[in-house]
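Examination of the molecular architecture
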Amino acid sequence: MRGTSYLLGFFTKLTLVLLVVACGLFVGGFFRFANTVAQSAPPANPVETQAVVALTGGSSRIAQALDLVEKDKSKRLLITGVDAKTSLNALKALNESRRATFDCCVEVERVALDTVGNAEETGKWMAANKFNSITLVTSDYHMPRSLVEFRRKLPEATIQPFPVKLPRLQAKDWYTDGETVRLMVAEYIKYVGALSRDYVNRDTLKSLRASMSGA
């Protein structure tokens, strides 16, 4: 009984220590992530790439992507993740003065439902057009995870990040706004999940199962 109580106490303390360490790593990682996002900025003089890829999720992303095309930083623009109910004319209406740019240079992609899908469908589009360089346009808080997914799917491509600033993240006291904090924490968790898939993939799981079964 005494031995059992000792082991129970030991494992309880060990569990608590591990929880404290995990919480510390999570909090520390979050602050590093938040600092990276806060300091990110679009390149002052972006280089020309074969295409611009804009991820849906905010009209400012599309506006910035259109700016790049109109400044001759690229000849083609793919807007990926467009809702099936959103017509091209509806997108044009939101950017009324840029109809000519839409008519000459813009394509929309409607299959992708998330960031992984954005990367997959962009890869197919690039292959079909024989492109190997893009400027990736998305919100600043979303850029770290987007780069993980796009670099995983397009390891040979040149990807120039073009983060679009989220206004409420520019405030020095953004961490006092509950909605902004929730957004950042949720995005950080997704980012960690995206990174983790490099280590916990199907092959890894198969190997673990084989080892446990003695195969």
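Now for a description of the structure that goes with this document. (Residues numbered from 1 in each chain as written. Predicted model: local features only at pLDDT ≥ 70, side-chain atom pairs only at ≥ 80, totals over all residues. Heavy atoms only, no water.)

Points about the nonpolar core
- Formed by 17 residues in total, the largest nonpolar core has its most connected members in Val52, Leu77, Ile79, Phe102 and Val137.
- At the level of secondary structure, the elements contributing two or more residues to this core comprise β1 (51–55), α2 (59–70), β2 (77–80), α4 (99–105) and β5 (158–164). (Core = buried A, V, L, I, M, F, W, Y, C linked by side-chain atoms within 4.5 Å. Buried < 20%, exposed > 50% of the residue type's maximum accessible area, 1.4 Å probe, protein only. Helix = DSSP H or I, 4+ residues; strand = E, 2+ residues; numbered from the N terminus.)

Things to note about the state of the cysteines
- Going through the model one piece at a time under the given rule, you end up with 1 disulfide.
- Here cysteine 104 engages in a disulfide with cysteine 105; their sulfurs sit 2.2 Å apart. Given an S-S torsion of about -80°, the disulfide between cysteine 104 and cysteine 105 has left-handed geometry. (Disulfide = S-S within 2.5 Å.)

A few points about the side chain of threonine 122
- Mapped onto the secondary structure, threonine 122 falls in helix α5 (residues 115–129).
- You can call threonine 122 buried: its relative accessible area is 0%.
- Here the side chain of threonine 122 touches asparagine 118 through a polar contact of 2.7 Å, landing on its backbone oxygen.
- Once you skip the residues sitting within four places of it in the chain, threonine 122 turns out to touch Val53, Leu78, Thr80, Ile134, Phe150 and Leu154. (Polar contact = N/O pair within 3.5 Å; in protein donor to acceptor, adjacent residues only side chain to side chain. Contact = heavy atoms within 4.5 Å.)

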